Amino acid sequence: MSRPTLTAVFVAFLLTSSVAKPNAKDKKPKQVVPAIECDMRAGKINLPEFIVKCPAKCRETKEKVYGTGVFASISSICNAAIHNGVITNSGGKVIVMKMGGQVTYKGSFANGVRSLSLPNWRDSFSVSVGKPKKGVIYPSTLIFVPSRPTAENTVSPATEPSSTAAPPTTTHVTTPIATAPPITTSATPRVTVHEVREAAGVHRPETGTPIRRQPHVSSASVFSRVQPQSERKQHMAQSNPILDPRPDNTEYEQYGQYPPEPEDHKPLSETGHTKDCKVDIAFLMDGSWSIGKRRFKIQKDFLVDVSQVISVGVAGPMMGIIQYGDDPVTEFSLKQFSSSKDLKPAISKIVQKGGLSNVGKALSYINKNFFSDANGNRGGAPNVAVVLVDGWPTDKVEEASRLARESGINIFFVTIEGPDENEKQNVVETNFVEKAVCRTNGFFSLPITSWFALRKEVQSLVKRVCDTDHLVCSKTCLNANDIAFVIDGSSSVGTGNFRTVLQFVANVTQEFEISDTDTRVGIIQYTYEQRLEFAFGQHNNKADLLNAIKRINYWSGGTSTGAAITYAADQLFSKSKPNKRKIMIVITDGRSYDDVRAPALAVHRKGVIAYSIGIAWAAQDELEYIATDPDREHSFFVDEFDNLYKYVPKIIHNICNEFNSQPRN
């Protein structure tokens, strides 16, 4: 080949290569996947659809999951993905899609993760394998539900490109945030407040009385203490734009459930908030030495204001007061005063007791002693306890609060001048308010920055305690159920043993609060056929119900347990109230002639919590099919009818334990 020809070929090759290079650079944008922690809930991320990367070993964290297939937004994303089989415990990528709320979330056990049941929640999500469809690019930066009005919570992915690299071609989703107006304050330093206390004649004991605040603080910490909470938060947001995406109250605030109170409160008589306010309220007032005489007087004035606004009376709210220090003392019970007019001078005469600030002991006291018939508890009215605390308690409140909540007491905390960051090291129990209140969504807690602002919050507090729709702690494991007993009446049982079964049913029923608005009980007896002995709500007091159980006649025949479960679903649970937990207790002494798996699965999917109790010749595999997961908590076996009584406390305990494991937020 001649030299000119070779040169022409070489030039053509270079031209072809130079044209191809731009196409080589035209690559598809790379999906950047943000990393999250095991405890991240879907509801905290403010995106309708996104992709995330879960770390390894999330299953061991036991972060809670609610639902099956479709999960409540308060569930851990990573553990929901493991439960659904989208990823393993080794971690991996997950695509999350938000959706509307569900009436019922069914609990189940899958892939080593136990998901819990939940009656309802406002929004949900589903998970799928983290492989985006062709051409789909998810946000590379997660946007969290804003916890502050002036800052946007974002977290960058672990694989964020360096500042020198070209940015990836990804779709970023942003949320516009309104800028709050500047905040001004005329607050004086904390030290001056202490000087005023002493000048006003407030004398603290020289010995033997612990002082809950540090007597000497630096000028910097003094300044931070007197800043209004909103201003402190704004400063923190500006100094730290990458905020910690931990759970806070913002998720609830964004739905407008509990909007901030306006400065110019209208009297409740105008706004109508006290209409139908039939509640029994116990105010726990702080009588400890730390509060001082002047602030104790402000506290009494606040309680007088509340008593006048709520219009105390037998047809409306009733009010009692307990003062706590070292020990709690009832100043007056619920029934002692039946009008706001009589309450005013009674509150004014209360004398400060002094001592520590033992809130936990006071909560135990009201749970055991205050809300009783003898003290004027009306039964049909919700029980409310409002705890006023100067700073923080000197004992632990978590256990006492839990027992009070489980007794149906709606606990509110009003914390005045609570601990700032420098003072939290002195607190006996961290996050004591969240551990104490009925729900951790902000509705049951009212933090106030200064004692001198306390009386401005009368309207806000009254509005909350009179909002009976939100007093959810009035519902307990003993008064919020529809319970169906499905009893085997086959020939193998016999008349004597059948009476033993009825006594067992009566013993279980005896533990619940029975009425049309509390727990309701229905009973089905079955052989080859089924018979409705009585339906939910047919007997609305405990005495009538127990008598009806005794009058049930033994039937005798074959054993078709599967058909009986279907019958219970049609005749009882189809008429269950939406706000009731549906519980089925199946009692049988033999193997069923029909299939139990499909009927049991059908009621599980409808949100029924099923217990199975087998006696003598009952088939273990059928008991496990009938029972809700985990089997060990819902399925029991006894070798003789006479041993049934041993399982009464176990069943009550499990019903209450499952009820109380529901989320408090």
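Residues numbered from 1 in each chain as written. Predicted model: local features only at pLDDT ≥ 70, side-chain atom pairs only at ≥ 80, totals over all residues. Heavy atoms only, no water.

A.B. asks: Is there a simple way to explain helix H8 (residues 292–309) in this structure?
C.D. replies: Taking 1.5 Å per residue as the helical rise, H8 with its 18 residues ought to reach 26 Å, and the 26 Å between its terminal C-alpha atoms agrees with that figure. Looking one or two residues past H8, Ser 311 carries a phi angle of roughly 55 degrees, positive in sign. (Helix = DSSP H or I, 4+ residues; strand = E, 2+ residues; numbered from the N terminus. Expected span 1.5 Å × (residues − 1).)

A.B. asks: It is not clear to me how the nonpolar core should be interpreted in this structure. Could you clarify?
C.D. replies: In globular proteins that are soluble, nonpolar side chains generally tend to be buried together. Membership of the largest hydrophobic core comes to 69 residues, with the highest contact counts inside it found for Phe 283, Leu 284, Val 386 and Phe 413. When near neighbours in sequence (up to four residues on either side) are disregarded, Leu 284 contacts Ile 322, Tyr 324, Ala 362, Leu 363, Ile 366, Ala 385, Val 386, Val 387 and Leu 388. Counting residues in each nonpolar core, the second largest holds 36 residues, with Phe 485, Phe 504, Val 648 and Ile 651 among its members. (Core = buried A, V, L, I, M, F, W, Y, C linked by side-chain atoms within 4.5 Å. Buried < 20%, exposed > 50% of the residue type's maximum accessible area, 1.4 Å probe, protein only. Contact = heavy atoms within 4.5 Å.)

A.B. asks: Can you walk me through the sheet that holds strand S21 (residues 635–638) in this structure?
C.D. replies: Sheet strands line up and pair through hydrogen bonds in the backbone, either parallel or antiparallel. Pairing in this open sheet of six strands is mixed, and the strands run S18-S17-S16-S19-S20-S21 from one edge to the other. If you trace the sheet from one side to the other, it starts and ends with strand S18 (530–534) and S21, each paired once. Here the strands of the sheet are splayed against their neighbours by 20 degrees on average, with no regard to which way each runs. By the bridge criterion, four bridges tie strand S20 (residues 609–615) to S21 in an arrangement that is parallel. Looking across to S21, one finds that Ile 613 is bridged to Phe 636. Of the strands in this sheet, strand S16 (481–488), strand S17 (520–526), strand S19 (581–588) and S20 are in contact with helix H14 (residues 495–510), which crosses S16 at around 170 degrees. (Pairing = 2+ DSSP bridges. Axes fitted to C-alpha atoms, helices over the stretch in contact; angles between N-to-C directions.)

A.B. asks: How should the sheet that holds strand S11 (residues 318–324) be read in this particular structure?
C.D. replies: If you walk across this open sheet you meet the six strands as S12-S11-S10-S13-S14-S15, and the pairing is mixed. In the strand order of this sheet, the two ends are held by strand S12 (328–332) and strand S15 (445–448), each with one partner. Ignoring strand direction, the axes of neighbouring strands in this sheet form an average angle of 20 degrees. Here strand S13 (residues 383–390) runs beside strand S14 (residues 409–416); their pairing, made up of eight bridges, is parallel. Within S14, the position partnered with Asp 390 by the bridge is Ile 416.

A.B. asks: Could you clarify how one ought to interpret the environment of Gln 459 in this entry?
C.D. replies: Structurally, the position occupied by Gln 459 is in helix H13 (residues 458–465). Its relative accessible area of 16% is what places Gln 459 among the buried residues. Remark: the alpha-carbon pair of Gln 459 and Val 306, spanning 153 residues in sequence, is separated by 8.0 Å.

A.B. asks: Teacher, can you tell me more about the packing of aromatic side chains here?
C.D. replies: The description of two aromatic rings rests on the distance between their centres and on the angle between their planes. On inspection of all chains with the given rule, the structure shows 11 aromatic pairs. Between Phe 71 and Phe 125, the aromatic rings sit 5.8 Å apart at their centres with planes inclined by 35 degrees, giving tilted as the arrangement. On the criterion of sequence distance, the pair formed by Phe 71 in strand S3 (residues 70–72) and Phe 125 in strand S7 (residues 121–129) is long-range, its members being 54 residues apart. Phe 125 carries the same exposure label as Phe 71, and that label is buried. Their ring planes at 80 degrees and their centres at 5.0 Å tell us that Phe 443 and Phe 444 sit as a pair that is edge-to-face. Judged by relative accessible area, which is 4%, Phe 443 ranks as buried. (Phe/Tyr/Trp six-rings, centres within 6.5 Å; stacked < 30°, edge-to-face > 60°.)

A.B. asks: Got a minute to help me understand the pairing of S12 in this structure?
C.D. replies: Look at any regular strand and the pattern is simple: side chains alternate between the two faces of the sheet. Of the strand pairs in this sheet, S11 and S12 are connected by four bridges, and their pairing is antiparallel. Considered in S12, the bridge of Ile 321 is made with Phe 332. Linkage of S11 to S12, two consecutive antiparallel strands, is achieved through a turn of three residues.

A.B. asks: Where do I start with the packing of helix H10 (residues 359–370) against helix H11 (residues 398–406) in this structure?
C.D. replies: Geometrically, a packed helix pair is captured by the angle between its two axes and the distance between the axes. Put simply, H10 and H11 touch, their axes get as near as 8 Å, and they point 25 degrees apart. With respect to H11, the axis of H10 lies roughly parallel. Read as a crossing pair, H10 and H11 show a hand that is left-handed. Residues Gly 360, Leu 363, Ser 364 and Asn 367 of H10 lie in contact with H11, whose contacting residues are Ala 400, Ser 401, Leu 403 and Ala 404. In terms of residue class, the contact of H10 with H11 is built from four nonpolar, four polar and no charged. (Parallel < 35°, antiparallel > 145°, perpendicular 65-115°, else oblique. Left-handed = near helix turned anticlockwise from the far one by under 90°. Nonpolar A, V, L, I, M, F, W, Y, C, P; charged D, E, K, R; others polar.)

A.B. asks: I keep staring at the state of the cysteines and nothing clicks. Help me out?
C.D. replies: Cysteine pairs can be covalently joined through their sulfur atoms, and such a bond is termed a disulfide. Tallied over the full model, the rule gives five disulfides. Through a disulfide, Cys 438 is tied to Cys 473; the S-S separation comes to 1.9 Å. Here the disulfide of Cys 438 and Cys 473 is right-handed, its torsion about the S-S bond being about 115 degrees. Of this pair, Cys 438 sits in the loop between helix H12 (432–436) and S15 while Cys 473 sits in the loop between H13 and S16; the two residues are 35 residues apart in sequence, bridging distant segments of the chain. This pair shows no difference in class: Cys 438 is buried, exactly as Cys 473 is. (Disulfide = S-S within 2.5 Å.)

A.B. asks: Help me out: how do you make sense of the side chain of Ser 401 in this one?
C.D. replies: The topology assignment puts Ser 401 in helix H11. If near-sequence neighbours (up to four positions away) are discounted, Ser 401 is found in contact with Leu 363, Ile 411, Lys 435 and Ala 436.

A.B. asks: Hey, could you run me through helix H17 (residues 597–605) in this one?
C.D. replies: Every α-helix carries 3.6 residues per turn, so stepping three or four residues along brings you back to the same face. Considered for burial, the residues of H17 that qualify are Pro 599, Ala 600, Val 603 and His 604. In a view along the axis of H17, the buried residues occupy a sector of 140 degrees, so they form one face of it. Contacts from the buried residues of H17 go to helix H16 (561–571), S19, S20 and helix H18 (620–626). Phi for Gly 607, located one or two positions after H17, is positive at around 85 degrees. (Arc of directions from axis to C-beta.)

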